[in-house]
Amino acid sequence: MTSLIVLLGYMGCGKTKVGKKLSKKIGAKFIDLDSEIEDYHSKTINQIFEESGEIGFRQIERKILMSILDKNEFSVLSLGGGTPCYFDNMEIINKKTNLTFFLNLDSQILVERLFTRREKRPLLASINKKSEMKDYVNKHLFERKNYYLKATHIINLREKNVRDTCDKILSLLEKDSP
Ligand code: S3P
């Protein structure tokens, strides 16, 4: 089995939950890119956005991503929702591993989840109406989808819980292994 498995998708699609469970099941290390950034800088994502702006955050995100990719550990890596959409991050990730999974979830479900959990996400924190959140997520997801579709595998989550999603990924990993 290739050593690095990468999970990507929009904010709120469940990358962290799935990553934690999947890594346990296969005995791999779990790496959450946002947490790595926070630990490295001893600051929250919100603080980094406040102090360095989104561009500063993207540069930091890129640097930490590269250091994780260089380590090449047997691991499950959950990206941030924007990671695949900046610089040539997705090209570099795809050169490192052919096990990239886009967790694809309907925008309607994303909006419901994100509206109640928006304060930790600087891009969403100032949205106060659900209708505004809906417009924002629809447009943003439309802009980002082409990057997400560069993943080698697409997992449609509509009726899948975390366990089903892990099982689906596991079955694809088994198919891919020599
Ligand atoms: C972002 C997603 C966040 C975090 C930052 C920016 C984005 O991660 O990296 O707030 O641009 O979509 P999650 O997808 O884990 O919420």
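Here, every reference points to the structure presented above.
Residues numbered from 1 in each chain as written. Predicted model: local features only at pLDDT ≥ 70, side-chain atom pairs only at ≥ 80, totals over all residues. Heavy atoms only, no water.

A. Just the site of the ligand, in detail. Taken together, 13 residues lie near the ligand, and Lys15, Asp34, Arg58, Arg121 and Arg144 sit nearest. Between the ligand and lysine 15, the relevant distance is 2.8 Å, taken from an oxygen atom to a side-chain nitrogen or oxygen of the residue. When the free accessible area of the ligand is taken as 390 Å², the share hidden by the protein chains comes to 95%. With respect to the detected pockets, the ligand is housed in the largest pocket. When residues in the shell around the ligand are grouped by element, the largest group, 3 residues, is from helix H3 (residues 45-71). Looking at the shell around the ligand, its residues break down into 5 nonpolar, 3 polar and 5 charged. (Near = heavy atom within 4 Å. Polar contact = N/O pair within 3.5 Å; in protein donor to acceptor, adjacent residues only side chain to side chain. Areas by Shrake-Rupley, 256 points an atom, 1.4 Å probe, with all protein chains shown as cover. 1 Å grid on protein atoms, 1.4 Å probe; cavity = no way out; pocket = protein on both sides within 12 Å on 5 of 7 lines; lining within 4 Å. Sits in = over half its atoms within 2 Å of the grid points. Helix = DSSP H or I, 4+ residues; strand = E, 2+ residues; numbered from the N terminus. Nonpolar A, V, L, I, M, F, W, Y, C, P; charged D, E, K, R; others polar.)

B. Spatial organisation of the packing of aromatic side chains. Per the stated rule, a full pass over the model turns up 2 aromatic pairs. Pairing phenylalanine 102 with tyrosine 148 gives two aromatic rings, centres 5.2 Å apart and planes at 40°, and the pair type is tilted. Within this pair, whereas phenylalanine 102 is found in strand S4 (residues 100-104), its partner tyrosine 148 is found in helix H6 (residues 130-148), the two being separated by 46 residues in sequence. Assigned by exposure class, phenylalanine 102 and tyrosine 148 land together as buried. (Phe/Tyr/Trp six-rings, centres within 6.5 Å; stacked < 30°, edge-to-face > 60°. Buried < 20%, exposed > 50% of the residue type's maximum accessible area, 1.4 Å probe, protein only.)

C. Layout of the pattern of salt bridges. Evaluation of the coordinates by the stated rule reveals 10 salt bridges. Where glutamate 51 meets lysine 43, a salt bridge forms, and the shortest distance between an N and an O atom there is 2.8 Å. Across the pair arginine 158 and aspartate 106 runs a salt bridge, and its minimum N-O distance is 2.9 Å. Here the residue arginine 158 occupies a position in the loop between strand S5 (153-156) and helix H7 (162-176), and aspartate 106 occupies one in the loop between S4 and helix H5 (107-116), the gap between them amounting to 52 residues. (Salt bridge = Lys/Arg side-chain N within 4 Å of Asp/Glu carboxyl O.)

D. Summary view of the pairing of strand S1 (residues 4-8). Here S1 lies mainly inside the structure; 5 of its 5 residues are buried. Bridge count between S1 and strand S3 (residues 75-78): 4 bridges; the pairing is parallel. When the sheet's bridge partners are listed, leucine 4 is paired in S3 with serine 75. Pairing geometry for S1 and S4, over 3 bridges, is parallel. Its bridge partner lying in S4, leucine 8 is registered against phenylalanine 102. (Pairing = 2+ DSSP bridges.)

E. View of the environment of asparagine 89. With respect to the helices and strands, the residue asparagine 89 is situated in helix H4 (residues 89-96). For the pair formed by asparagine 89 and arginine 62, sequence separation is 27 residues and the distance between their alpha carbons is 7.3 Å. Asparagine 89 has contacts with Arg62, Leu65, Met66 and Thr83, leaving out every residue within four places of it along the chain. (Contact = heavy atoms within 4.5 Å.)

F. View of helix H1 (residues 15-26). Relative to the 16 Å expected for 12 residues at 1.5 Å per residue, H1 spans 16 Å between its end C-alpha atoms, a close match to the ideal helical length. Restricting attention to buried positions, one finds in H1 the residues Lys15, Val18, Gly19, Leu22, Ser23 and Ile26. The buried residues of H1 occupy one face: seen down the axis, they fall within an arc of 125°. For H1, exposure combined with an orientation more than 90 degrees from the buried face picks out Lys17 and Lys24. Looking at the buried positions of H1, the neighbouring elements they touch are S1, strand S2 (29-32), S3, S4 and H7. Of the residues trailing H1, glycine 27 is marked for its positive phi of about 70°. (Expected span 1.5 Å × (residues − 1). Arc of directions from axis to C-beta.)

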